[in-house]
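# Coordinates in review
Each chain, written out:
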Amino acid sequence: MRTGSAAGASHPGGLSARETQIMTLIAAGHSNGEIAASLVLAEKTVKNHVNRIYAKLGVGSRSAAISRWRAPADGAAGAARD
């Protein structure tokens with residue numbers, strides 16, 4: 001799992017280390033409750049992080065956030081096909 005501050009720099013929106021950690025768990029299919037338990041956080045804290053992630057990525061849903069999160073890797077492959 002990516003947790004360093006440099007990990008967030010490689011993703012869109014300039015996510016913090018904690019946001020990167022949470023986004024990694026979201027992309028793996030975990031619910032807010034599961035993320036909260038895993039990181040020993042209140043579920044409300046996770047919800048606050050998720051809302052900030054959505055704002056930074058410019059999305060309004062989990063599926064859109066995952067798509068945007070994965071876009072850099074997919075974009076590189078797509079560019080090679082053009």
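Everything numeric here is computed off the predicted structure, so don't read it as measured data.

With that settled, consider helix 2 (residues 17–27). Within helix 2, 9 of the 11 residues are buried, which leaves it mostly tucked inside the rest of the structure. Within helix 2, the full set of buried residues consists of Glu-19, Thr-20, Gln-21, Ile-22, Met-23, Thr-24, Leu-25, Ile-26 and Ala-27. Of the residues trailing helix 2, Gly-29 is marked for its positive phi of about 95 degrees.

What follows deals with the side chain of His-49. Tracing the backbone through its elements, the reader meets His-49 in helix 4 (residues 43–57). The contacts of His-49, once residues within four sequence positions are left out, are Arg-18, Glu-19 and Ile-22.

With that settled, consider the packing of helix 3 (residues 32–39) against helix 4. Here helix 3 crosses helix 4 at 115 degrees, and the two axes come no closer than 8 Å. Comparing the axis directions of helix 3 and helix 4 gives the class roughly perpendicular. Considering only the axes of helix 3 and helix 4, their crossing is right-handed. Only Glu-43, Val-46, Lys-47 and Val-50 of helix 4 make contact with helix 3, whose side of the interface consists of Asn-32, Gly-33, Ile-35 and Ala-36.

This part takes up the environment of Thr-45. Among the secondary structure elements, Thr-45 is positioned in helix 4. Overall, Thr-45 belongs to the partly exposed group, its relative accessible area being 31%. Note: C-alpha distance between Thr-45 and Asn-32 (13 residues apart in sequence) is 9.4 Å.

Let us now look at the confidence of the model for the protein. Scored by pLDDT, the protein comes out at a mean of 82, with 71% of its residues at no less than 70. In this model residues 1–9 is a low-confidence stretch, pLDDT under 50, and it forms 17 contacts with partners more than four residues away in sequence or in other chains.

Criteria and cut-off values
- Residues numbered from 1 in each chain as written.
- Predicted model: local features only at pLDDT ≥ 70, side-chain atom pairs only at ≥ 80, totals over all residues.
- Heavy atoms only, no water.
- Buried < 20%, exposed > 50% of the residue type's maximum accessible area, 1.4 Å probe, protein only.
- Helix = DSSP H or I, 4+ residues; strand = E, 2+ residues; numbered from the N terminus.
- Contact = heavy atoms within 4.5 Å.
- Axes fitted to C-alpha atoms, helices over the stretch in contact; angles between N-to-C directions.
- Parallel < 35°, antiparallel > 145°, perpendicular 65-115°, else oblique.
- Left-handed = near helix turned anticlockwise from the far one by under 90°.
- pLDDT = per-residue confidence, 0-100.

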